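# Analysis of the macromolecular model
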Amino acid sequence: MIRVKHLYKTFRTHNRKEVKALVDFSTHIKKGEVVVIIGPSGSGKSTFLRCLNRLEEVDSGEIIIDGQNILEKRVDINKVREELGMVFQHFNLFPHKTVLENVTLSQLIVRKRNKEKAVKIAQELLDKVGILEKENVYPSQLSGGQQQRVAIARALAMQPKIMMFDEATSALDPEMIGEVLEVMKTLAREGMTMLAVTHEMGFAREVSDRVIFMDGGQIVEEGTAEHFFKNPTHDRTKLFLSQIL
Amino acid sequence: MVFGKRSLITLAVLAVILGWVYYFLTVRGITYIWHWEQIPQLLFYHGTKTAAETTPSLHLGVLMIGFILTLKISAVAIIFAIVLGTIVGICRLSSEPITRALSITFVELIRNTPLLVQIYIIYFFVGSMLRLSAFTAGTAALAIFEGAYVGEIVRAGIQSIHKGQMEAARSLGMSYAKAMRHIILPQAFKRIIPPLAGQFISLIKDSSLVSVIALADLMFQGQQAVARTYSAFEIYFTVAALYLIMTSTLSMATQYIERRLAVSD
């Protein structure tokens with residue numbers, strides 16, 4: 001479904017230092033696969049997700065989604081993004097819109113659905129993430145966990161083929177992580193293709209098909225969650241896991 | 001001590017000013033005779049406007065006629081200043097170097113030359129080429145001048161919105177224009193209401209400068225009335241009060257809008 005070939009991405013900091021975020025990064029994600037990406041901060045995990053929907057422009061390489069290289073100039077990136085749902089660490093809900101409007105807006109102006117249908121889909125999704133009773137409040141009146149569940153519903157409303165979670169639980173208070181992970185697990189069990197940057201190893205163990213450990217913009221090791229718990233091979237992986245577990 | 005050091009200084013300054021005014025009006029022998037009775041008829045009068053009118057009725061006086069024209073000029077200029085300012089503000093943040101350079105040049109050129117000069121240029125030079133009326137030329141000059149300031153306010157407003165908002169909107173498939181229109185600008189405008197209100201209050205006051213191109217606004221009518229009646233103090237105080245009515249109404253209106261928009265905070 002997604003084939004990534006030889007991605008390179010370099011950031012330039014304000015004092016003109018170069019930081020290599022992705023170095024010859026290649027991978028393949030199959031339809032319905034749930035992939036968890038772990039790694040120390042600055043290892044390029046988030047950059048990889050953000051390159052997939054071109055929130056960041058790569059220096060070179062290929063990203064082929066459903067047979068189309070989305071890095072080509074003639075590709076309409078807005079069309080590609082409709083198929084790639086993204087959930088952010090800091091939710092990024094639209095503060096001037098109610099919960100329901102957050103979930104209907106892109107359906108109306110991007111998918112061009114009529115109001116009735118958009119509202120119906122939004123309410124079903126809000127029900128699914130367990131927050132339908134808050135449909136008419138503004139995001140500022142919600143807890144972090146509730147906001148993140150709305151953000152998931154907002155991304156799902158576009159009916160994307162793939163969902164990407166960029167540290168979706170990292171900004172949450174500990175008691176709210178569970179409710180968001182539950183929603184993510186439900187999605188995974190329903191067969192959604194998922195890419196999740198997370199340090200929640202419980203999530204990885206329960207629903208992931210594959211875990212990728214990244215460091216220095218490259219894949220150091222990949223395998224099942226079981227493999228990472230039982231016998232990680234690289235020293236770098238062992239050190240990292242010993243620190244987070 | 002009841003008063004602090006600072007309030008004592010304030011009181012002393014006030015006393016000096018009042019003493020000076022008293023000295024000026026009495027000891028120096030300026031005997032100004034106030035003619036406030038002339039003011040009401042400059043606002044409204046009961047009588048006949050033309051010879052054709054047989055029965056007298058209530059008419060607007062010259063100051064009120066000027067007041068209404070100032071309102072019209074200001075309202076039209078505010079609308080165009082918002083449109084122009086939004087375009088300039090967005091262009092200022094464009095990734096296209098030429099668009100960016102053009103908008104910066106526009107802002108710098110307009111902000112760094114006097115409005116009075118611009119009014120003359122637009123009226124006498126551009127206006128005579130394009131056959132603009134004094135109203136069009138004066139309003140355009142105001143809208144362009146204030147539009148440059150509004151552009152900078154809009155730019156600051158857009159930049160103050162967290163970049164995650166744009167990223168979220170784009171990741172949902174919205175184009176840059178849609179994201180701007182539905183996500184960024186509504187939030188930015190809510191945030192820039194206070195500086196915008198200040199700018200539009202300036203605009204109303206600056207509109208008095210269009211009186212130089214014989215546009216019969218409040219200031220122009222005031223000057224004419226002074227020339228006829230010699231009651232400079234009374235008329236200018238009245239003109240100032242009329243401007244104050246417009247500007248303070250705008251202040252109150254924006255405070256009301258701000259409170260209304262605060263529901264999502």
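Please read these numbers as outputs of a predicted model, since none were measured by experiment. (Residues numbered from 1 in each chain as written. Chains lettered and ligands numbered in written order. Predicted model: local features only at pLDDT ≥ 70, side-chain atom pairs only at ≥ 80, totals over all residues. Heavy atoms only, no water.)

So, about the side chain of E33 of chain A. Residue and element names in this part refer to chain A. Looking at the element boundaries, E33 is found in the loop between β2 (18-29) and β3 (34-38). Classification of E33 by relative accessible area gives buried; the value is 8%. At 2.9 Å, the side chain of E33 forms a polar contact with the backbone nitrogen of K30. Apart from the residues within four sequence positions on either side, E33 is in contact with H28, M192, T193, M194, D209 and R210. (Helix = DSSP H or I, 4+ residues; strand = E, 2+ residues; numbered from the N terminus. Buried < 20%, exposed > 50% of the residue type's maximum accessible area, 1.4 Å probe, protein only. Polar contact = N/O pair within 3.5 Å; in protein donor to acceptor, adjacent residues only side chain to side chain. Contact = heavy atoms within 4.5 Å.)

Time to look at the interface of chain A and chain B. The partner chain B presents 19 residues to the 25 residues of chain A that form the contact. Here chain A and chain B share an interface that buries about 1,900 Å² over both sides, 60% of which is from carbon and sulfur atoms. Three residues stand out in chain A for area buried against chain B, namely F94, H96 and I109 of chain A, and they jointly supply 27% of the buried area on that side. Linking chain A with chain B are one salt bridge, by the criterion used here. With its nearest N and O atoms 2.6 Å apart, the salt bridge here joins R50 of chain A to E167 of chain B. Where chain A meets chain B, there are six residue pairs in polar contact (both at pLDDT 80 or more). Residue assignment for the side of chain A that touches chain B shows that the elements contributing at least two residues are α2 (77-82), β6 (84-87), α3 (99-109) and α5 (144-156) of chain A. (Buried area = accessible area lost by both parts, 1.4 Å probe. Salt bridge = Lys/Arg side-chain N within 4 Å of Asp/Glu carboxyl O.)

Turning to its location among the elements, R50 of chain A is positioned in helix α1 (residues 45-52). Dropping the residues within four chain positions of it, R50 of chain A is found in contact with L55, E56, M86 and D166 of chain A together with E167 of chain B.

Right, let's get into the pattern of salt bridges. According to the stated counting rule, one finds 23 salt bridges over all chains in the structure shown. Across the salt bridge formed by E33 of chain A and R210 of chain A, the nearest N and O atoms sit 3.0 Å from each other. With E33 of chain A in the loop between β2 and β3 and R210 of chain A in strand β9 (residues 210-215), the pair connects residues that are 177 residues apart, well separated along the chain. Among the ionic contacts, a cluster of salt bridges with common partners joins R50 and E56 of chain A together with K163 and E167 of chain B.

Take the sheet that holds strand β7 (residues 162-166) of chain A next. Residue and element names in this part refer to chain A. Here we have six strands laid out as an open sheet, ordered β6-β7-β8-β3-β9-β10, and mixed in their pairing. The sheet terminates laterally at β6 and β10 (218-223), the two strands that pair on one side only. On average, adjacent strands in this sheet sit at an angle of 20 degrees to one another, irrespective of strand direction. Contacts from helix α9 (residues 235-244) reach β3, β9 and β10 within the one sheet, and its direction differs from that of β9 by about 100 degrees. (Pairing = 2+ DSSP bridges. Axes fitted to C-alpha atoms, helices over the stretch in contact; angles between N-to-C directions.)

Here the focus is the nonpolar core. I2, L7, I37, F48 and L195 of chain A together with M174 of chain B are the most contacted members of the largest nonpolar core, which totals 90 residues. With 11 residues, helix α6 (residues 134-160) of chain B is the single largest residue contributor to this core. Among the nonpolar cores identified, the runner-up in size contains 49 residues, and A157, F165, M184 and M201 of chain A belong to it. (Core = buried A, V, L, I, M, F, W, Y, C linked by side-chain atoms within 4.5 Å.)

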